[in-house]
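Report on the structure
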Amino acid sequence: MADVKMSARQVRVHYGDNEALHGIDVDIRRNEVLALIGPSGCGKSTFLRCLNRMNDSIEGCRVSGSVTLDGVDVYDPALDVVQIRARVGMVFQKPNPFPKSIYDNVCYGPRIHGLTRNRTELDEVVETSLRRAGLWEEVKDRLAAPGTGLSGGQQQRLCIARAIAVSPEVILMDEPCSALDPIATAHIEELIDELRRNYTIVIVTHNMQQAARVSRRTAFFHLGNLVETGDTETIFTNPGDQRTQDYITGRFG
Ligand SMILES: Nc1ncnc2c1ncn2[C@@H]1O[C@H](COP(=O)(O)OP(=O)(O)OP(=O)(O)O)[C@@H](O)[C@H]1O
Ligand SMILES: [Mg+2]
């Protein structure tokens, strides 16, 4: 199908002897925002990390099944994992700017990937990325200041700018707003709505209002299984599975 950007089939993850994901099947469509919801410990972060091989670096973690990006196996040993992560970027729960200037945070990726030829091009990438992340106006006069000196919400937007600076195709976000206040959260949510035009986004959230606001489709995880995936509105108003119903009505989780 032409509109499928990433696809997971029978994805299983073990941490040592413990099977954390029991065979996940899901398609992520091009330019959609897909929300992943479910109780703590159900495997949302684990699944997200499967999509750009972040689990590779976790000791004792084994992934099986298939994950494809534009039909190409992400786990093909011939592929360079650094390239995969440039195409499938990630934003974490806690803003994690590097201990570098705002400018250097954003140009870090383009530099290591050799995406720009000179300072002018680099300047352009930095400005475009900061604009897209909705941060340019707030930082344009202090690009040399440390990224860690920004507010939490600004730091998270800086991390989003850093992620988009390498022109990823997919952006994975693991509870990107959970450390932010409601105003900073609203800002990131508006941003996600903007970014959707250019990128495919998968977002983990514990906030069901947020899932309803930002996503077109939602996948509900429970105890290492993907229970159901559907239009966000349907999942929240008329889910097909009792476990989803119990979760959205606050009976557990
Ligand atoms: N690095 C790890 N080593 C061992 N087990 C892990 C590791 N990371 C996660 N797990 C286990 O895998 C299961 C799924 O964890 P995961 O972090 O993916 O859940 P989650 O849905 O993201 O939860 P939360 O909402 O609390 O972030 C849990 O049982 C967890 O204990
Ligand atoms: Mg998690």
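Criteria and thresholds
Residues numbered from 1 in each chain as written. Chains lettered and ligands numbered in written order. Predicted model: local features only at pLDDT ≥ 70, side-chain atom pairs only at ≥ 80, totals over all residues. Helix = DSSP H or I, 4+ residues; strand = E, 2+ residues; numbered from the N terminus. Rg over C-alpha atoms; globule rule 2.2 N^0.38 Å. Buried ≥ 20, exposed ≤ 12 C-beta atoms within 10 Å, placed from the backbone. Contact = placed C-beta atoms within 7 Å. Pairing = 2+ DSSP bridges. Axes fitted to C-alpha atoms, helices over the stretch in contact; angles between N-to-C directions. Nonpolar A, V, L, I, M, F, W, Y, C, P; charged D, E, K, R; others polar. UniProt positions renumbered as here; feature names shortened; annotations may be inferred. Expected span 1.5 Å × (residues − 1). Arc of directions from axis to C-beta.

As recorded in an unreviewed UniProt entry, the protein chain goes by Phosphate ABC transporter ATP-binding protein PstB and comes from Aquibaculum arenosum.

**Here's the deal with the overall build of the protein chain**
Of regular secondary structure, the protein chain possesses 10 helices and 10 strands. Its C-alpha atoms give the protein chain a radius of gyration of 18 Å, near enough to 18 Å, the size a compact globule of 253 residues would have. Projected onto the principal axes, the alpha-carbon positions of the protein chain cover approximately 55 × 45 × 35 Å. For the protein chain, with 253 residues in total, the buried portion stands at 42%. Residue pairs in contact within the protein chain that sit at least 24 positions apart in sequence constitute 68% of those at least 6 positions apart.

**Some thoughts on the sheet that holds strand β2 (residues 18-29)**
Spatial ordering of the open sheet is given by β2-β1-β4-β5, a layout of 4 strands whose pairing is antiparallel. A strand with exactly one partner marks an edge of an open sheet, and here the two such strands are β2 and β5 (72-73). When strand β1 (residues 4-15) meets strand β4 (residues 61-69), the two strands line up antiparallel, connected through 8 bridges. Paired with Met6 across the strands is Leu69, a residue of β4.

**Side note on the packing of helix α3 (residues 102-112) against helix α6 (residues 152-164)**
Put simply, α3 and α6 touch, their axes get as near as 6 Å, and they point 30° apart. Residue-level inspection shows Ile102, Asn105, Val106, Tyr108 and Gly109 of α3 in contact with α6, the latter providing Leu158, Ala161 and Arg162. Residue composition of the contact of α3 with α6, by class: 5 nonpolar, 2 polar and 1 charged.

**Remarks on the pairing of strand β9 (residues 217-222)**
Taken across its 6 residues, β9 has 6 buried, putting it largely inside the fold. Neither face of β9 is exposed, since Arg217, Ala219 and Phe221 on one face and Thr218, Phe220 and His222 on the opposite face are all buried. Both β9 and strand β10 (residues 225-231) contribute to a ladder of 6 bridges, which runs antiparallel. Pairing of Phe220 across the sheet is with Glu228, part of β10. Connecting β9 to the antiparallel partner β10 that follows it, the hairpin turn spans 2 residues, and Leu223 within it adopts a positive phi of roughly 50°.

**Here's the deal with the UniProt feature "domain: ABC transporter" (unreviewed entry) in the protein chain**
Look at the UniProt record and you will see "domain: ABC transporter" (unreviewed entry) annotated at residues 6-248. Here residues 6-248 is 37% helix and 27% strand, with 26 Å between the C-alpha atoms at its ends.

**Considering helix α4 (residues 119-132)**
An ideal rise of 1.5 Å per residue puts 20 Å on 14 residues; α4 measures up with 20 Å between its terminal C-alpha atoms. Every buried residue of α4 is listed here: Val125, Val126, Ser129 and Leu130. The arc that holds every buried residue of α4, seen down its axis, measures 120°, which confines them to one face. The outward face of α4, more than 90 degrees from its buried face, is lined by the exposed residues Thr120 and Glu124. Here the buried face of α4 lies against α3, α5 (136-139) and α6.

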